[in-house]
Amino acid sequence: SLDNADNLPGSIVRTVQHTQKTIILNHGDKDTRFASDTYLIQQQPKSLFCSPILNQGQFIGILYLENNLSAGAFTQERVEVLNLVCSQAAISIENARLYEQSQNYAKKLECTVQELQQTQQQLQKSFEELKQAQLQVVQSEKMASIGQLTAGIAHEINNPLSFISGNLTFTDDYIQNIIELLELYQTEWLSPSEKILNKVEDIELDYLIEDLPKSINSMKQGMKRITEISKSMRTFSRGDTVAKVPFNIHEGIDSTLLILKHRLKASVTRPEIEVVKNYGNLPEVNCYPGQLNQVFMNLIANAIDALEESNLGKTFEEIETAPNQIILTTEIDSENQQIIIRIKDNGMGMSESVKEKVFEHLFTTKGVGKGTGLGLSISRQIVEEKHRGKLTLTSALGEGTEFAIALPL
Ligand SMILES: Nc1ncnc2c1ncn2[C@@H]1O[C@H](COP(=O)(O)OP(=O)(O)O)[C@@H](O)[C@H]1O
Ligand SMILES: [Mg+2]
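Quick caveat: nothing in here was measured; it's all calculated off a predicted structure.

### Side note on the pattern of salt bridges
And then number 1: Scanning all chains against the criterion turns up 14 salt bridges.
And then number 2: Glu331 is the partner of Arg342 in a salt bridge, and the nearest nitrogen-oxygen pair spans 2.7 Å. A residue pair is termed long-range when its members are at least 10 positions apart, and Arg342 in strand E8 (residues 338–345) and Glu331 in strand E7 (residues 325–333) qualify at 11 residues.
And then number 3: Of the residues examined, Arg342 reaches a relative accessible area of 23% and is grouped as partly exposed.
And then number 4: Sharing partners across several salt bridges, the network here consists of Arg263, Arg270, Asp305, Glu308 and Lys366.

This is the structure:
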C-alpha cells in the first residue's frame, strides 16, 4: 500500500523501507537520488522527515512529516523528539497487533472448545449406543440359544412322535381284532382245557379286555399333549424374521408359559402359581414373533420372581389362602387402533423409587446371579422402538404389578 500511495514521495518511502534509516531533507535540497520523484517535483516541500518505525529490528511502519513553509524545520532537537515518537508508536502498534492476535486466538479457542464439546457429546452418544447394542447382543444371544435348544428338541422329538402316533392307530385296530377273536373263542369253544381256564383267571382276562382300550386311549391323550408341546416349542423358537409377519399373540404367550412351566409348578414351599387367561378376540398382529416372545418371557419371569419374593416368610398354607396369581389379559383398543396385552401379578409390587428406575439399563433389585437388570430395558426397546408400541406399568408396594404392552394394529 505504501508503494502505490500518490500522496507521498514514493522513492523516499521505499528507500527508508529498504535501508531502515531516517531520511531528513531540510533545505529542499536537491538530493540526486530523489530527483525524479514526481511527488517531490510537484509539491516541493521545504523540509521533510521520513523515519522507519521499528520494533525489535522489525519494520512495522513509517512516520512521514513534511513542512511546506520553512526550510530547516527538522532541527536536531525536534528529530530527537520525533525518534521518541517513533519508538512509542512502535510499541503502540505492536500492542495493537498483539491485542488483535490474542482476540483471534480467543475466538479460535472458543470454536475449538465448542468443537470439543460437540465431539464429547457425540462420543457419549456413541458410547450409549454401543452399551445398548452390547446388552441387546447378550440378551438376544441368550434368547437365541433358548430358541435353538427348543427348536432342536422339537425337531428331534418330531420323528419318534410321528412313528409312535402312527403305530398307535394300528395297535388300536390290532388289539380290537385280537379282543374280538378272543371273544369269538369264548362263545364258540365251549369246553376249553383246564390250562386255558387257569390262564384266563390268572391274567384276569375280563378286566384286561375292559381296560386295554382305556390305556390305549390315555396313550393317545399323552401323544396329543406331546404334539402340542412340540408345536408350542416351535412357536416359541420362531427365529427372528427380517420383516414383520402376522402372528397369533395368544400362541406366543402360551408357548412362553410352556417354557416357564417348571417355574409355575407347585414346590415344597408353595402351591402352583395360578395362571388366569382373559384372552380377548385378537386378530393376528404384524410383528417380530421371536422378539415379542422374548418380551413375554421377561415380563412373566419377573412376575414369578415378584411372587416368590412376596412368599418369603409365609407358610404353604398362608400362600394357599391368598394364592399366587398371574393374570394375562388381551384386548383390542379399537379407538386407538391397537391391541393391549396385560400381564398382572399379585406379588410384592414396587416402591415409588424402584418404579422410576425399572426401565433403566442394568437396574436390578435382585441378588448377584439372579438379576441382570436387562429384561425390562430390552423389552421396552423391543416394544417401543421395534414395534412402535408402548410398554407401561402400574404398581403398588405389597399389592402387585401390572405391565401393559400396547401394539399398533
Ligand atoms: N412384576 C414385578 N414386580 C415387582 N418388581 C418388578 C417386576 N418386574 C420388574 N421388577 C423390578 O424391576 C427390576 C428390573 O427388572 P429387569 O429389567 O427384568 O431386571 P432383573 O429381572 O434382571 O432384575 C427388578 O429387579 C425388579 O426390582
Ligand atoms: Mg427380569
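Now that the structure has been shown, the text picks up again.
### A look at the pairing of strand E2 (residues 47–55)
And then number 1: A large share of E2 lies buried, amounting to eight of its nine residues.
And then number 2: Where strand E1 (residues 23–25) and E2 come together, three bridges link them in antiparallel fashion. What sits directly across from Ile24, in E2, is Phe49.
And then number 3: Inspection of the sheet shows E2 paired to strand E3 (residues 58–67) by nine bridges, in the antiparallel sense. Residue Ser47 lies in a different strand from E3, and its bridge partner there is Asn67.
And then number 4: Here E2 hands over to E3 after two residues, with Gln56 in that stretch at a positive phi of 50°.

### Comments concerning the packing of aromatic side chains
How two aromatic rings sit relative to each other is given by the distance of their centres and the angle of their planes.
And then number 1: Scanning the entire structure with this criterion turns up four aromatic pairs.
And then number 2: When the centroid spacing of 5.5 Å and the interplanar angle of 40° are considered together, the rings of Phe49 and Phe74 count as tilted. In this pair, Phe49 is assigned in strand E2 and Phe74 in the loop between E3 and helix H3 (76–188), connecting sequence segments 25 residues apart.
And then number 3: Assessed through its relative accessible area of 0%, Phe49 is described here as buried.
And then number 4: For Phe74, a relative accessible area of 9% corresponds to the buried category.
And then number 5: Summarising the aromatic geometry, the rings of Tyr185 and Trp189 are spaced 6.1 Å apart at their centres and angled 50° between planes, so their arrangement reads as tilted.
And then number 6: Over the ring of Phe359 we find Arg380; its NZ or CZ atom is 3.7 Å from the centre of that ring.

### Concerning the domain arrangement of the protein
As a measure of interface size, the accessible area lost when the parts come together is often cited.
And then number 1: Domain assignment breaks the protein into domain 1 (10–104) and domain 2 (238–409).
And then number 2: For domain 1 and domain 2, the distance between their C-alpha centroids amounts to 91 Å.

### What about the site of ligand 1?
And then number 1: In the neighbourhood of ligand 1, 20 residues make up the surrounding shell, with Thr364, Thr365, Lys366, Thr372 and Leu376 lying closest.
And then number 2: In the model, an oxygen atom of ligand 1 is placed 2.8 Å from a nitrogen or oxygen of the Asn302 side chain.
And then number 3: Listing elements by their share of the shell around ligand 1, those giving two or more residues are helix H8 (289–311), helix H11 (375–386) and strand E10 (400–408).
And then number 4: Looking at the shell around ligand 1 element by element, the count peaks at three residues for H8.
And then number 5: Split into classes, the residues belonging to the shell around ligand 1 amount to nine nonpolar, nine polar and two charged.

### Details of the pairing of E8
And then number 1: Most of E8 sits inside the fold, with six of its eight residues counted as buried.
And then number 2: Note that E7 and E8 share eight bridges and pair antiparallel. Across the sheet, the residue bridging to Leu328 is Ile343, located in E8.
And then number 3: Between E7 and the antiparallel strand that follows it, E8, lie four residues; Gln337 among them carries a positive phi value of about 55°.
And then number 4: The sheet contact formed by E8 and E10 spans eight bridges and is antiparallel. Paired with Ile339 across the two strands is Leu407, which belongs to E10.

### Concerning the side chain of Thr150
And then number 1: Counting through the fold element by element, Thr150 comes out in helix H3.
And then number 2: In this structure Thr150 comes out as buried when scored by relative accessible area, which is 8%.

### Section: the sheet that holds strand E5 (residues 274–278)
And then number 1: Taken in spatial order, the five strands of this open sheet run E5-E7-E8-E10-E9, and their pairing is mixed. The open sheet has two edge strands, E5 and strand E9 (390–396), and neither has a second partner. For this sheet, the mean inter-axis angle between neighbouring strands, taken without regard to orientation, is 15°.
And then number 2: As judged from the five bridges shared by E5 and E7, these two strands associate in the parallel manner. Bridge assignment links Glu274 to a residue of E7, and that residue is Gln325.
And then number 3: The sheet strands contacting helix H6 (residues 249–259) are E5, E7, E8 and E10, and the helix crosses E7 at an angle near 165°.

### Focus: the nonpolar core
And then number 1: Membership of the largest hydrophobic core comes to 42 residues, with the highest contact counts inside it found for Ile249, Ile300, Ile326, Ile405 and Leu407.
And then number 2: In terms of residue count, the dominant contributor to this core is H8 (nine residues).
And then number 3: Excluding anything up to four places from it in sequence, Leu407 contacts Ile249, Val285, Leu292, Gln337, Gln338, Ile339, Ile341, Val383 and His387.
And then number 4: Of all hydrophobic cores here, the second largest spans 13 residues; its members include Val13, Val16, Leu40 and Ile62.

Rules used throughout
- Per chain, residue numbering runs from 1 following the sequence as it is written.
- Starting at A for chains and at 1 for ligands, labels are handed out in the order in which the entities are written.
- Residue-level local features of this predicted model are given only where pLDDT is at least 70; pairs of side-chain atoms are given and counted only at 80 or more, and the full residue set underlies all totals for whole chains, interfaces and linings.
- Note that water and hydrogens are dropped before the side-chain values are worked out from all heavy atoms of the structure.
- We define a salt bridge as a side-chain nitrogen of Lys or Arg found within 4 Å of a carboxyl oxygen belonging to Asp or Glu.
- Counting from the N terminus, the helices are the DSSP runs of H or I reaching at least four residues and the strands are the DSSP runs of E reaching at least two.
- Exposure categories follow from relative accessible area, calculated using a 1.4 Å probe and restricted to protein chains: below 20% of the type maximum is buried, above 50% is exposed, and the middle band is partly exposed.
- DSSP calls a pair of strands paired once it identifies at least 2 bridges connecting them.
- Only rings of Phe, Tyr and Trp enter the pairing, Trp through its six-membered ring, and a pair is recorded when the two centres are within 6.5 Å. The plane angle decides the type: under 30 degrees is stacked, over 60 is edge-to-face, the rest tilted.
- Sitting over a ring, as applied to charges here, requires NZ of Lys or CZ of Arg to be within 6 Å of the ring centre and within 35 degrees of the ring normal.
- Each domain's limits were defined by an automated method or a database of domain assignments.
- Here a residue counts as near a molecule or strand whenever at least one of its heavy atoms sits within 4 Å of it.
- Residues adjacent in sequence count toward polar contacts only when both atoms are side-chain atoms; beyond that, a polar contact is any pair of N or O atoms within 3.5 Å, and within protein one must be able to donate a hydrogen and the other to accept it.
- Classes in brief: Ala, Val, Leu, Ile, Met, Phe, Trp, Tyr, Cys and Pro nonpolar; Asp, Glu, Lys and Arg charged; the others, Gly included, polar.
- A fitted line through C-alpha atoms represents every axis, and for helices the fit uses only the stretch in contact; the resulting angles, taken between N-to-C directions, go from 0 to 180 degrees.
- Residue contacts are defined here by distance: any two heavy atoms, one from each residue, within 4.5 Å place the two residues in contact.
- Residue types Ala, Val, Leu, Ile, Met, Phe, Trp, Tyr and Cys, when buried and joined through side-chain atoms within 4.5 Å, form a set referred to as a nonpolar core.

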